[in-house]
Amino acid sequence: MTAPRTFHVKSYGCQMNVYDGERMAELLQAGGLAPQEAGDADLVVLNTCHIRERAAEKVYSEIGRLRREDGSSPMIAVAGCVAQAEGAEIPRRAPAVDIVVGPQAYHRLPDLVAAAGEGRRALDTDMPPLSKFAALPARRKQGPSAFLTVQEGCDKFCTYCVVPYTRGAEVSRPWAAVMDEARALIDAGAKEITLLGQNVNAWRDDDGRGLEQLIVALDRLPGLARIRYTTSHPNDMTEGLIRAHGEVEKLMPYLHLPVQSGSDRVLRAMNRSHGVESYLRVLERVREARRDIAISGDFIVGFPGETEEAFEATLEIVRAVNYAQAYSFKYSPRPGTPAATMEGQVPPPVQDERLQRLQALINAQQLAFNRATVGRRTSILIERQGKKAGQKIGKSPWLQSVHAITDADIGSLVEVEIVEAGPNSLSATLPAPRAESRRSAGARASQMPAFAGAAS
Ligand code: 5AD
Ligand code: SF4
């Protein structure tokens, strides 16, 4: 096989995988390869996810689909969490795969590509914490909203979750590395930075500084308009971080705080190390700090031992919180995790039925939240062109997609009035500027009244 000249990276799963996919693309481009559509690329990187369902099976069928009409295949690299979990098993089952590279080793992709070009099969699933970041090239120009990984891995060992095994132990990137990357992203045009980590709010540096101090430092960077962070664990919502939601201007009023279940018994079986009351108390304090904050979450239904009563407790916590948005999943046994062999596995039809009920409730809350923003004046960050002439699509402070007719450039912040709301997007108009609102345009989504119905 000859050395590839073009590549395509396909990322599945979470935002951290999207970030990793971007970094792999930057790395390959720095090595002289050009991006290309999947069908025509010499090298295809499948950046896989292992969190749920038959992840490995999906990867194998995707590999099969890469075969060209003449029977040949591009050079194929399997990256991400399936690569980490399955390792050498992948080329054994799918001989078309040339490279297997784990999430902590992808800085070595150029060497692995060179080895594969010489006909050697290349595998690297080492987990040297953090060394990849130092070996990656500078950030390149990209859209107005950028991801920045500050923390990786997890020590919490929830009994359903593969992350502690595929991403390794919890590690935080050093302060200076994060600030340098943030500056490079801003120089490359980023207006919004989302700090990423499996447990991002557990970020801590060697001097004992926590995420809120990082956020305060980012807030001072000229050119940056918005800061977000995800995903957080309830136990790591420190007093300081909660306070930052009320004090830091650029920190957007949105918090993704998964709880997974509304039953204390199920939470214990999940090894979540928090209960329903403590979760609700954290949200109460966050809402005291920032009354218009939008709350988002993750839920697992049909965890082993989840009775109808326990599931109803989940519906109950959803009603109590009143989410702006939430993700819900059927429990999926992950090989090697404790829950996979627990008694009381819930039959798929029961899981399906519960998922439907939960999603109906969540969808209704999301629509109600979106409707409650109608009539508000707020800023949107323009991210891309819409389908209609003159239409642009941006994000509100509450992470909603907002359509507006405006000639404002991509990457600008525009003050709008929300006029219509659907389940997944909003429409806005550009109001005549008011003296007072002109002052508050810019980065600041000034504190708004709490949303009607938000329990606190
Ligand atoms: N089955 C179903 N959902 C899962 N998640 C993590 N592991 C599993 C699993 N084995 C969900 C959790 C987590 C989100 C990223 O994925 O809700 O917060
Ligand atoms: Fe997985 Fe739990 Fe860690 Fe989140 S906190 S990554 S769900 S083990």
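This write-up is about the structure you can find in this document. (Residues numbered from 1 in each chain as written. Chains lettered and ligands numbered in written order. Predicted model: local features only at pLDDT ≥ 70, side-chain atom pairs only at ≥ 80, totals over all residues. Heavy atoms only, no water.)

## Comments concerning the sheet that holds strand E10 (residues 192–196)
Okay, step 1: Spatial strand order, E7-E10-E11: three strands in an open sheet with parallel pairing. With one partner strand each, in any of the chains shown, strand E7 (145–149) and strand E11 (226–230) form the two edges of the open sheet. Each adjacent strand pair in this sheet contributes to an overall mean axis angle of 25 degrees, direction not counted.
Okay, step 2: Across five bridges, the pairing between E7 and E10 is parallel. The residue bridging Ala-146 from the neighbouring strand is Ile-193, located in E10.
Okay, step 3: Contacts from helix H1 (residues 15–30) reach E7, E10 and E11, with the element oriented near 95 degrees to E7.
Okay, step 4: This element, helix H9 (residues 211–219), spans E10 and E11 of the sheet and lies at about 160 degrees to E11. (Pairing = 2+ DSSP bridges. Helix = DSSP H or I, 4+ residues; strand = E, 2+ residues; numbered from the N terminus. Axes fitted to C-alpha atoms, helices over the stretch in contact; angles between N-to-C directions. Contact = heavy atoms within 4.5 Å.)

## Considerations on H1
Okay, step 1: Between its first and last C-alpha, H1 extends 23 Å over 16 residues, near the 22 Å set by a 1.5 Å rise per residue.
Okay, step 2: Restricting attention to buried positions, one finds in H1 the residues Met-16, Asn-17, Tyr-19, Asp-20, Gly-21, Arg-23, Met-24, Ala-25, Glu-26, Leu-27 and Leu-28.
Okay, step 3: Of the residues one or two after H1, Gly-32 is the one with positive phi, at around 95 degrees. (Expected span 1.5 Å × (residues − 1). Buried < 20%, exposed > 50% of the residue type's maximum accessible area, 1.4 Å probe, protein only.)

## Focus on the site of ligand 2
Okay, step 1: Near ligand 2, the surroundings consist of Cys-154, Lys-156, Phe-157, Cys-158, Tyr-160, Cys-161, Val-163, Pro-164, Asn-199, His-233 and Arg-272.
Okay, step 2: Residues belonging to the shell around ligand 2 are distributed by class as follows: seven nonpolar, two polar and two charged. (Near = heavy atom within 4 Å. Nonpolar A, V, L, I, M, F, W, Y, C, P; charged D, E, K, R; others polar.)

## Topic: the site of ligand 1
Okay, step 1: The full set of residues close to ligand 1 is Ile-51, Arg-52, Tyr-160, Gln-260, Asp-298, Ile-300, Phe-329, Lys-330, Tyr-331, Ser-332 and Arg-334.
Okay, step 2: With respect to ligand 1, the side chain of Gln-260 contributes an N or O atom lying 2.6 Å from an oxygen atom.
Okay, step 3: Taking Ser-332, its main chain carries an N or O atom lying 2.8 Å from a nitrogen atom of ligand 1.
Okay, step 4: Protein contact buries 88% of the 410 Å² of open area that ligand 1 shows by itself.
Okay, step 5: Secondary structure elements with two or more residues in the shell around ligand 1: strand E13 (294–301) and strand E14 (325–330). (Polar contact = N/O pair within 3.5 Å; in protein donor to acceptor, adjacent residues only side chain to side chain. Areas by Shrake-Rupley, 256 points an atom, 1.4 Å probe, with all protein chains shown as cover.)

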